[in-house]
Amino acid sequence: MSHDGVGLRAVTRSAAFLTAGVLAAGALAGCSEQDEAGRPAAGQDIASAKRDRIADGGTLHWAVDNVPETLNTFQADADAATSRVAGAVLPSLYRLDANGRARRNPDYLEGAKVVEREPRQVVLYKLNQQAVWSDGREIGAADFSAQWRALSGKDTAYWTARNAGYDRIEKIERGKNDLEVRVTFKKPYADWQSLFSPLYPKDVMGTPDTFNDSARRRLKVTAGPFAVDTVDRTSGDITLKRNPRWWGRPAKLSELVLRAVPREKRAAALAGGRLDLAEIDAAEAHRITSAAREARSGKGAPLTHGPGAALTPGRALRSWAIAHGSDEEAADKETTARRKRAKAVAKYTGQQSALRGFVVRKSLEPAFTQLALNGSEGPLADERVRRAVARALDRKELAKAVLEPLGLPAEPVGSHLALAGQHAYADNSGALGDQDTGEAQALLADAGWVAGGSVKEEKSKKGAGAEASKAAKGKKDTKDAKDAKDTDEADGSGDDGTYIVGGTDDKPADDESPTVLAPRKRDGASGAEKHLAQDGKQQLKPGGAPGAYAPRGTRAPGPEAAGPLAKNGKPLSLRFVLPSGPGSQSLRAVGDRIARMLDRVGIRTEISKVADDSYFKDHIASGQYDLALYSWPASAFPATDARPIYAKPVPAADGSLNVEQNFTRVGTDQVDQLFDQAVAELDADESRSLVRKADARIWAAAASIPLYQRPQLTASRTNLANAGAFGFQTPLYEDMGFLKKD
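Residues numbered from 1 in each chain as written. Predicted model: local features only at pLDDT ≥ 70, side-chain atom pairs only at ≥ 80, totals over all residues. Heavy atoms only, no water.

**Some details on the side chain of R162**
Then, number 1: Its place among the elements puts R162 in the loop between α3 (141–151) and β7 (169–174).
Then, number 2: Separated by 2.9 Å, the side chain of R162 and the backbone oxygen of T73 make a polar contact. (Helix = DSSP H or I, 4+ residues; strand = E, 2+ residues; numbered from the N terminus. Polar contact = N/O pair within 3.5 Å; in protein donor to acceptor, adjacent residues only side chain to side chain.)

Here it is in structure tokens:
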């Protein structure tokens, strides 16, 4: 896709040269043949139970953000709710395990393997002989063929959002019998297991009209443990019922209702009995854990949180005095306020009582938050400045600030292309290096940014987009961030205030459409624990950092002596774009923390706070930023899914720049070549080795700095089993249910 018309080609050529030049052999040490994937940083938390302990029947109400616009996952407006429906009602030939690795789904496949490599790659699928669509027709080659033709990209009448992998297929045909499907590729494709998940019936994929329209509002024909019953846009409910033709383990639940509830209203919905399972923020998690603690401490104990928590004895006495005083107008006003407060306290207390029936399940999402550096223009077009930014960051401290208060492992992410536990994971951050203030300052000096240089006075410039802060306000924000006390807090939102826009399948998308995590609207709430505490060891002491402005061993000027870094009369100042909504407070707290780290090496930031709904579209995608925080989902198939994110931007036919999903606008020929080699390499170990080499070079380019894996908090009824914080694993919808009563 094309987002702007800036001339990046010369910039990216320069970056490619620098990246190739600075990447020493030792930097690729993370790319050894040894399996470095390890285990996931956090296991799933789903209250696992054997099926014989689960009652037959019952309805589970599971929160989603909205009723999906389409039930076709291959359309551009598909979302997380689309994928959740598809996971329960459609075939997935492969699904992800707890380590984020693709595993054959025996309900649909008896086997699948590459049976020929020359002259063409041929994959033979052997289908489960019991696998049938809900209309009684067997799942077979005709369904595979229809999906391939719809997604191949050859027929533009199909409004598809993605075709990666399907465009490499040459033909699909029936095997020896109806249970065999032979897929022949015109080009080798390592990620062939990513295809046909989900698989739609030929009734949907057969023609452009049925593809474009028939599956948007309903799915008549399905083949999963559940089937779509109703989609009620008025009530916000998508009701799924047991599929009577399902041949696998029968679903324990009789109904699964996906209910659209905004995140800021989920605590009330849980307490009101409208939800049984919901992803929540840390403020709501705090309420639920507090409710359990209050239940153990006994009735009658005053609440330490909620609408009445701030009413100290002194304030209560003053309120009583005003309400009973001689000033009738003030007394009436205070009496009304006291009644409202009492009503709010009673409502909150009642909700707390109801929340005792829930527990918080927690894990880490299969997604990571990164600091993105826009290398299209300005100081960050110089790789040395980007590397200086990266070396100024203490990623361990950032991970701890976000994850430790939630009781989750706080390890920084070491790869752009996989997360710990996945096949392709290896910590390649050594290609860039750890936090080092001296090295960061030396890189800036080498790039010509000199402390105490003369600065030409400039007119106040507009920030990132129409809603951005002006330079004067940005400088104030930067000063506020710098002077903030060490007890700065996030909203404890359970994540960093972001949400997935696309790419929400159980397996990550095999497309080239935007699959970005952009700010999610949510409200901060009282009771969130304070975290993002002080930076600790990275605080500069008087005397500065050694080796920054003179030969190593020479003490640099202290903070009182060093002026702002400048070059050619211009100060070194970067626009740091952050969302302004109440639900993004945690992300802003991380941004403020980063700004303080950069300030220590002489990099000033002008923080521009923009509306949540325009943050991604008007700023990230359009390139109106220098620094930004957003997240990407992890993929079991990085050679396919990650290439558009890190591909070298190229000019489009209309003269604009086609950045695909590479919103940092920095790419190299070497990275593109490694992706191309990895996706065509049928030896799995060699393909993973190529992916890891690509990751090391992405680190060296210093345009995207992975920070931490996003937290996942889920409220679940205490008697609900096999559901909660799933982590990597694809949910097993047929095994979810409520425990039998003892």
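Structure's up, so let's keep going.
**So, the sheet that holds strand β5 (residues 109–116)**
Then, number 1: What the 4 strands build is an open sheet, ordered β5-β6-β8-β7; its pairing is antiparallel. Across the chains shown, the open sheet's two edge strands, defined by having one partner strand only, are β5 and β7. Averaged over neighbouring strand pairs, the angle between their axes works out to 15° when direction is ignored.
Then, number 2: Seen against the sheet, α3 touches β6 (122–127), β7 and β8 (180–185) and runs at an angle of roughly 160° to β7. (Pairing = 2+ DSSP bridges. Axes fitted to C-alpha atoms, helices over the stretch in contact; angles between N-to-C directions. Contact = heavy atoms within 4.5 Å.)

**Regarding the pattern of salt bridges**
Two side chains carrying opposite charge are able to pair once their charged atoms lie near each other.
Then, number 1: Scanning the entire structure with this criterion turns up 33 salt bridges.
Then, number 2: Residue R120 is joined to E170 by a salt bridge in which the shortest nitrogen-to-oxygen separation is 3.3 Å. Pair noted here: R120 is in the loop between β5 and β6 and E170 is in strand β7, with a separation of 50 residues, a long-range link.
Then, number 3: According to the relative accessible area criterion, R120 is partly exposed, its value standing at 36%.
Then, number 4: Here R174 and D178 are joined by a salt bridge, their closest N and O atoms 2.6 Å apart. (Salt bridge = Lys/Arg side-chain N within 4 Å of Asp/Glu carboxyl O. Buried < 20%, exposed > 50% of the residue type's maximum accessible area, 1.4 Å probe, protein only.)

**What to know about the environment of L572**
Then, number 1: Inspection of the secondary structure assignment puts L572 in the loop between β18 (570–571) and β19 (573–579).
Then, number 2: What makes L572 buried here is its relative accessible area of 1%.
Then, number 3: Residues L572 and A451 lie 121 residues apart in sequence; the distance between their C-alpha atoms is 9.9 Å.
Then, number 4: In contact with L572, other than residues within four places in its own chain, are P379, L444, W449, L565, A566, G602, I603 and R604.

**Re unusual backbone geometry**
Then, number 1: A cis amide bond, omega -5°, links E118 with the succeeding residue P119.
Then, number 2: Considering the arrangement of structural elements, one finds P119 in the loop between β5 and β6.
Then, number 3: Between S197 and P198 the backbone carries a cis peptide bond, its omega angle lying at 0°.
Then, number 4: The backbone of A702 shows a phi angle near 55°, a positive value even though the residue is not glycine.
Then, number 5: Note that A702 resides in the loop between α19 (684–701) and β24 (704–717).
Then, number 6: In this structure, N722 takes a positive phi of about 60° despite not being glycine.
Then, number 7: Take N722: it is sitting in the loop between β25 (720–721) and β26 (737–738).

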